Amino acid sequence: MVIAVVIVIAYLLVAAYELVAIISKEQVKWFFLYSIFMAASMVLSVLLYLGVPVPSPAKPITAAVEAIHTLLKGVK
Amino acid sequence: MRKEIIDTGQGFAMATFFITGSTLVLPTAVLAGQDLWLAILVAIVAAVPILAVYARILVLFPGKDLFEIMTIVFGKWIGKVFTLLYAWFAFHLGALVIRNFGDYVKITGIPETPEILPMLILTLLCAWVAKEGIEVLGRWAKFFLIFSSILVVISVLLLSNNWDIHNIQPVLYNGIKPLFGGVWEVIAFPFAETVLFTMVTVKITRRNSIYKMLWGGLFFGGFLVFITSLNEILTLGFDLYSTTYFPTYVTVSLMRVGGFLQRLEIVPAVSLLTGGFVKISVCIIAASRGIGRLFNCSDYRFIVTPIALLMVNLAYMVYGNIIEMMQGAAGTWRYYAFPFQIIFPLLIWIGAEIVSRRRNEEAVSE
């Protein structure tokens, strides 16, 4: 659990450092985009550390490729 | 946005590193069996027109990247869909290269260390250089290419006393079909992955030097992949080659020269580190640019850090173990990458030619 807190603190420190530069440029869109992507990354990191099963994109990609492959073989 | 101008030499070095990247340490063209060396040679020739299409797209719209060109050619909304797809492709490819690096380090060097640590450290370095821009990456690549290439060539030459010509004979024993499978495999990974250069190479010193940059990288990078793979198959034989996760590592561990020069496992590690560094950085820049364009942002550097960190997360979770990674690389990658590397660029090229000619005709009539 301590490591999860460390991960969150590390993300917050990096975000604080970089958001200062973004705020000084008065770019609201950049601020929101940065915050959303950084928050998504932080949540994902914590989930992965806690061992929560997160679905990998590799499986649906493999399934889609195999489905198309089977379909093309059927057409032949 | 800062001007991002690179010269042909820097672009050539980046393209070479991009092609050698993780390819030098992973098995290549396994589908071609013991003829994989021949498959690599045929793939180099077959990739020439593919890379010419990438270069032509950039030449038609100087100073614009692929994301902007797609919006010009297909309009705002279809352009956005393509932008999202290519941003994902760059993001996914970057995550896979990070994973290759993590697996290599874990299996060959530091098995007790959590895999995430070397992946995170390398990615943070890549994010740093991505923030500095393509010029810095180009200068770095140009400086390091000579050292990395010399190391690869010397290690191949020093292993020549272990070669057994029977390991590649008889040529085309299984016919031509497996050879084509191998050719497709090498084109998909790594030659046509250079499509990412259309997303990062915005300005080059001379307009047509984009051809020299991509073709030069293809020929020299392809040559390095060819001599490395030929060296591995001549030294190990196909059975051992195909059952090893990192054949280059196994090959150089067999090196014995005069009883004092041996076990140069650092050579593939250096190749992977330098090539992987450039490849991951290019992927981060391409993905960040894509996200930036998707939301109409004038710069991409502000989003580099979150994209790089998300990439590490994806690299960590994308495969459960190295067996899954190898099956993914060998089994599905060439099918999955085919639209991004061949179909979409062809569509974009045709559309770009039409739009460019229409613009020229309008300019002449005015």
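Residues numbered from 1 in each chain as written. Chains lettered and ligands numbered in written order. Predicted model: local features only at pLDDT ≥ 70, side-chain atom pairs only at ≥ 80, totals over all residues. Heavy atoms only, no water.

### Topic: the overall build of chain A
Within chain A, the regular secondary structure consists of three helices and zero strands. Tracing chain A from N to C terminus, the helices and strands come up as α-α-α. A globule of 76 residues ought to have a C-alpha radius of gyration of about 11 Å, yet chain A, at 20 Å, is considerably larger. Its C-alpha atoms give chain A principal-axis dimensions of roughly 60 × 35 × 10 Å. In chain A, of all internal contacts separated by at least 6 residues, the share reaching a separation of at least 24 is 53%. When the accessible surface of chain A is totalled, it reaches about 5,300 Å², and 78% of it is carbon and sulfur. (Helix = DSSP H or I, 4+ residues; strand = E, 2+ residues; numbered from the N terminus. Rg over C-alpha atoms; globule rule 2.2 N^0.38 Å. Contact = heavy atoms within 4.5 Å. Areas by Shrake-Rupley, 256 points an atom, 1.4 Å probe, with all protein chains shown as cover.)

### Re the overall build of chain B
Each helix and strand counted, chain B has 14 helices and four strands in total. Over its C-alpha atoms chain B spans a radius of gyration of 20 Å, differing by no more than 12% from the 21 Å that the globule rule assigns to 366 residues. Across its three principal directions, the C-alpha atoms of chain B cover 75 × 45 × 35 Å. In chain B, buried positions account for 60% of the 366 residues. When contacts within chain B are restricted to residue pairs at least 6 apart in sequence, those whose partners lie at least 24 apart make up 84%. (Buried < 20%, exposed > 50% of the residue type's maximum accessible area, 1.4 Å probe, protein only.)

### Quick word on the interface of chain B and chain A
Between chain B and chain A, the contact holds 25 residues from the first and 24 residues from the second. Together, the buried faces of chain B and chain A total about 2,200 Å²; carbon and sulfur atoms form 77% of this surface. Counting across the chain B and chain A interface gives one salt bridge. Two residues, Lys131 of chain B and Glu18 of chain A, come together in a salt bridge whose shortest N-O distance is 3.1 Å. The tally of links between chain B and chain A comes to eight residue pairs in polar contact (both at pLDDT 80 or more). When residues of the side of chain B that touches chain A are traced back to their parent elements, those giving at least two are helix H4 (76-108), helix H13 (304-317) and helix H14 (322-365) of chain B. Of all the elements, H13 of chain B adds the most residues to the side of chain B that touches chain A, at nine residues. (Buried area = accessible area lost by both parts, 1.4 Å probe. Salt bridge = Lys/Arg side-chain N within 4 Å of Asp/Glu carboxyl O. Polar contact = N/O pair within 3.5 Å; in protein donor to acceptor, adjacent residues only side chain to side chain.)

### A closer look at helix H3 (residues 58-75) of chain A
Over its 18 residues, H3 of chain A runs 26 Å from end to end, which matches the ideal 26 Å to within 8%, given 1.5 Å per residue. The elements touched by buried residues of H3 of chain A are H4 and H14 of chain B. (Expected span 1.5 Å × (residues − 1).)

### Some details on the packing of helix H3 (residues 66-74) of chain B against H14 of chain B
Residues and elements named next belong to chain B. In contact at an axis separation of 9 Å, H3 and H14 are set at 65° when each is read in the N-to-C sense. When the axis of H3 is compared with that of H14, the two are roughly perpendicular. As H3 runs across H14, the sense of the crossing is left-handed. In this structure, H3 contributes Leu66, Ile69, Met70, Ile72, Val73 and Phe74 to the contact, and H14 contributes Leu347, Ile348, Gly351, Ala352, Val355 and Arg359. The residue inventory of the contact of H3 with H14, partitioned by class, reads 10 nonpolar, one polar and one charged. (Axes fitted to C-alpha atoms, helices over the stretch in contact; angles between N-to-C directions. Parallel < 35°, antiparallel > 145°, perpendicular 65-115°, else oblique. Left-handed = near helix turned anticlockwise from the far one by under 90°. Nonpolar A, V, L, I, M, F, W, Y, C, P; charged D, E, K, R; others polar.)

### Some points on the packing of aromatic side chains
All names here are of chain B. Across all of its chains, the model carries 28 aromatic pairs over all chains by this definition. Arranged with centres 5.4 Å apart and planes meeting at 50°, the rings of Tyr211 and Trp215 form a pair that is tilted. With Tyr211 and Trp215 both in helix H9 (residues 209-236) and four residues apart, the pair spans about one turn of that helix. In this structure Trp215 comes out as partly exposed when scored by relative accessible area, which is 28%. An angle of 90° between the planes, with centres 5.7 Å apart, marks the rings of Phe340 and Phe344 as edge-to-face. (Phe/Tyr/Trp six-rings, centres within 6.5 Å; stacked < 30°, edge-to-face > 60°.)

### A word on a nonpolar patch on the surface
Taken together, the side chains of Met1, Ile3, Tyr49, Leu50 and Val52 of chain A present a nonpolar region at the surface, about 490 Å² in accessible area. Under the relative-accessibility criterion, Tyr49 of chain A is labelled partly exposed at 37%. (Patch = residues over 30% accessible without salt bridge, like charges linked within 9 Å, V, L, I, M, F, W, Y side chains within 5 Å.)

### Some points on unusual backbone geometry
All names here are of chain B. A cis amide bond links Gln169 to the next residue, Pro170, at an omega of -5°. The peptide bond linking Phe189 to Pro190 adopts the cis configuration, its omega dihedral lying at 25°. Inspection of the secondary structure puts Pro190 in the loop between helix H7 (177-188) and helix H8 (197-200). Phi is positive for Leu172, close to 55°, though the residue is something other than glycine. Although it is not a glycine, Asn296 adopts a positive phi angle of roughly 55°. With respect to the secondary-structure elements, Asn296 resides in the loop between helix H12 (266-294) and H13.

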